[in-house]
Amino acid sequence: MASATLPLLETLIGFDTVSRNSNLGLIEWLRDHFAALGVSATLVTDKTGTKANLWATIGPEVDGGIILSGHTDVVPVDGQAWTSDPFKAVIRDGNLYGRGACDMKGFVAAATAIAETARNAPLRRPLHFAFSYDEEVGCIGVRDLLTFLDTLPYRPAGVIVGEPTEMKIVLGHKGKRAWCCTVKGHAVHSSRAPEGVNAVEGAARLIAEIAGISAEVRRNDQPDDGFDVPFTTLLTTVMEGGMSTNTVPDLARFVFECRHLPDTDPEAIFARIQAFTDTNLATDRQRAEILFEEITNYPGLAADPADGFVAAMSRFACTAVPPKVAYGTEAGLFQRAGIPALVCGPGSIAQAHRPDEFCALDQLAACDTFLAQVVESLTV
C-alpha cells in the first residue's frame, strides 16, 4: 500500500462532510496538500460559496488524460449504533472503520496518495483529479464541475469513478429519477367527511398506481441480466400526512423513485403517473391540488467495452461479474458529457451507509496497485 494512503484516509474521515454540512474544510485541506506537491488546484464553488469541487491536473495540459473522480460528502450517522466514533478512523481486524471509509473517501485518499508518484513520473498525458460535493443527495456538485471542464482547452480520454466495487470494473449502472408529490385537500371535521377532500386517500391511490406500474414494468420490460437487479424499479420511500384522528387531512406528501435501466425512458414512466392523476383523480382535483417536484435526476451508465480507455483500464483491475450494478454514480453524467466512464474503487457497497462502515486494508492496497498502473499507462 502506498505509504500515504492510510494517513490520508484517516485525515479525510476526520472531516464531518455529511451532505447537510459544508465540505470546504476538507476541500481546502486537499487543495493545500496538492499545493505542497507543487500542483495547483482549482476550486469550483456552488452559488452559496459554502461547498466546492476540486479540480487538479498533473502533467501536460493535452488531450487524452485520465480523471480520478470521487465525491467528498458522506451520508448521516444519525440514529446509527456505531461501536466507535464515526469521524475517527479505527483499524482493527484488517479493516479501517469510519464514515466514508468505503463510500468513498478510501478512493479519494488513494487517488491523492498517487499524486506524488504522478508528480515524479514522465507523464506524456495528464492525470486529473475531480473531487465533488453533494453526490449523496443527487449528484449535484459534479454538474458544476462538468460545466467548468467545458471551458478547458483539452479533453480527457476517460474517467474512473471510484465508488466501492471491490476493485471490479463496473461498466453499467442504473439511472435514478425521484419526485416529491404533494396532495393538497380540504380539511373538515371527520364527522362531516363528505364535505372535505382527503389528501391522504388521494396520495394512497397514487402510491398504489405507482406500485402497479412497477409490477407491470417488471413483467413486460426486457430484463438486463448484467445487472444484479435486472429490471427497472419504482418505489415509494417516504409518506406523511394528516394532523389528527378526527380531521379529514388536507395535506399529504410522499416521495417516490424510479431506478431505471440505461435504455429505459423514465419520462415515459412518469407520464403514465401524470396521466393517471389527470384521468382518475380529476374529480378530486376540482377542489384539490396535486403537485410533483423532481428532486433527483441522474442518468444511467452504459460504457462501451470496446472503447480504448475502457479496454485499457479493464486490464488493470478485476473484471469478474457482475459488470453492472443497481446503484447510481456520477459516471453517467460524465458519459452524458462525452467523457467515457467506468466505476472502480475499493470496498464493498454492502458496507456503505451502515453503522461501522469499513474498507478492508487489502482493498486499499489493491486500489494503490491499480492506480500505479494507471499512472504508468500515462507515461507511454
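Below: a short report on this structure. (Residues numbered from 1 in each chain as written. Predicted model: local features only at pLDDT ≥ 70, side-chain atom pairs only at ≥ 80, totals over all residues. Heavy atoms only, no water.)

**Description of the overall build of the chain**
Piece 1. Helix and strand counts for the chain stand at 10 helices and 16 strands.
Piece 2. Looking at the chain residue by residue over its 380 residues, the buried ones come to 52%.
Piece 3. Taking the contacts inside the chain whose residues are at least 6 apart along the sequence as the reference set, 82% of them involve residues at least 24 apart.
Piece 4. When the accessible area of the chain is evaluated, it comes to approximately 16,000 Å², of which 51% is carbon and sulfur surface. (Helix = DSSP H or I, 4+ residues; strand = E, 2+ residues; numbered from the N terminus. Buried < 20%, exposed > 50% of the residue type's maximum accessible area, 1.4 Å probe, protein only. Contact = heavy atoms within 4.5 Å. Areas by Shrake-Rupley, 256 points an atom, 1.4 Å probe, with all protein chains shown as cover.)

**Considering the environment of Val380**
Piece 1. Relative to the elements of secondary structure, Val380 occurs in the segment after helix H10 (361-377).
Piece 2. Assessed through its relative accessible area of 65%, Val380 is described here as exposed.
Piece 3. The spacing of Val380 and Gly70 is 310 residues in sequence and 25 Å in space, taken between C-alpha atoms.
Piece 4. In this structure, Val380 is in contact with Arg124 and Arg125, ignoring residues within four places of it in sequence.

**A look at the nonpolar core**
Piece 1. Of all hydrophobic cores here, the largest spans 80 residues; its most connected members are Leu68, Phe129, Ile160 and Phe334.
Piece 2. Sort the elements by how many residues they give to this core and helix H3 (residues 105-119) lands first, with nine residues.
Piece 3. Setting aside anything within four residues of it in sequence, one finds Phe129 in contact with Phe34, Leu54, Trp55, Ala56, Ile58, Leu68, Ala111, Ile114 and Ala115. (Core = buried A, V, L, I, M, F, W, Y, C linked by side-chain atoms within 4.5 Å.)

**Details of the packing of aromatic side chains**
Piece 1. This structure, assessed with the given rule, holds eight aromatic pairs.
Piece 2. Here the aromatic rings of Trp179 and Phe256 are separated by 5.2 Å at their centres, their planes lie at 25 degrees, and the arrangement is stacked. Taken together, the residues span a long stretch of sequence, with Trp179 in strand E9 (residues 175-184) and Phe256 in strand E11 (residues 251-260) at a distance of 77 residues. Summarising the burial analysis for this pair, Trp179 and Phe256 share the class buried.
Piece 3. Aromatic rings pair up to connect Trp179, Phe254, Phe256, Phe270 and Phe292 into one cluster. (Phe/Tyr/Trp six-rings, centres within 6.5 Å; stacked < 30°, edge-to-face > 60°.)

**Quick word on the packing of helix H1 (residues 5-13) against helix H2 (residues 24-36)**
Any two packed helices are characterised by how steeply their axes cross, that is the angle between the axes, and by the distance between the axes.
Piece 1. Where H1 contacts H2, the two axes come as close as 10 Å, and the packing angle between them is 150 degrees. By the angle between their axes, H1 is roughly antiparallel relative to H2. The handedness of the crossing between H1 and H2 comes out as right-handed. Residues Leu8, Thr11 and Leu12 of H1 form the contact with H2, whose participating residues are Leu26, Trp29, Leu30 and His33. (Axes fitted to C-alpha atoms, helices over the stretch in contact; angles between N-to-C directions. Parallel < 35°, antiparallel > 145°, perpendicular 65-115°, else oblique. Left-handed = near helix turned anticlockwise from the far one by under 90°.)

**A look at the pattern of salt bridges**
Piece 1. Summed over the entire model, instances satisfying the criterion amount to 14 salt bridges.
Piece 2. Of the charged contacts, one joins Arg272 and Glu216 as a salt bridge, the two residues approaching to 2.9 Å between their closest N and O atoms. Separated by 56 residues along the polypeptide, Arg272 in helix H6 (residues 266-280) and Glu216 in helix H5 (residues 199-220) bring together distant segments of the chain.
Piece 3. Across the pair Glu240 and Arg253 runs a salt bridge, and its minimum N-O distance is 3.3 Å. With Glu240 in strand E10 (residues 233-241) and Arg253 in strand E11, this pair connects stretches of sequence that are 13 residues apart.
Piece 4. Residue classification places Glu240 among the partly exposed residues on the basis of a relative accessible area of 43%.
Piece 5. Counted as one network, the salt bridges with shared partners bring together Lys176, Glu257 and Arg259. (Salt bridge = Lys/Arg side-chain N within 4 Å of Asp/Glu carboxyl O.)

**Digging into the sheet that holds strand E5 (residues 95-97)**
Adjacent strands of a sheet pair through backbone hydrogen bonds, lying either parallel or antiparallel.
Piece 1. Strand order in this open sheet of three strands is E4-E5-E16, and the pairing throughout is antiparallel. On the outer flanks of this sheet lie strand E4 (90-92) and strand E16 (358-360), each paired with one strand and no other. Adjacent strand axes in the sheet meet at a mean angle of 25 degrees, parallel and antiparallel pairs treated alike.
Piece 2. As defined by bridge partners, E4 adjoins E5 across three bridges and the pair is classed as antiparallel. When the bridges of E5 are listed, Ile91 appears paired with Leu96.
Piece 3. Packed on one face of the sheet, H10 meets E4, E5 and E16 and runs near 65 degrees to E16. (Pairing = 2+ DSSP bridges.)

**Considerations on the environment of Asp356**
Piece 1. Mapped onto the elements, Asp356 comes out in the loop between strand E15 (341-343) and E16.
Piece 2. Of the residues examined, Asp356 reaches a relative accessible area of 16% and is grouped as buried.
Piece 3. Taking C-alpha positions, Asp356 is 9.5 Å from Ala101, a pair spaced 255 residues apart along the chain.
Piece 4. Excluding anything up to four places from it in sequence, Asp356 contacts Trp82, Thr83, Ser84, Arg92 and Tyr97.

**Observations regarding the packing of H1 against H3**
Piece 1. Relative to each other, H1 and H3 sit at 130 degrees, their axes nearing to 8 Å. Here H3 runs oblique to H1, going by the angle between their axes. For the pair H1 and H3, the crossing hand works out as right-handed. The residues of H3 that touch H1, namely those facing Thr5, Leu8, Leu9, Leu12 and Ile13, are Lys105, Gly106, Val108, Ala109, Ala110, Thr112 and Ala113.
Piece 2. Its residues assigned to classes, the contact of H1 with H3 shows eight nonpolar, three polar and one charged. (Nonpolar A, V, L, I, M, F, W, Y, C, P; charged D, E, K, R; others polar.)

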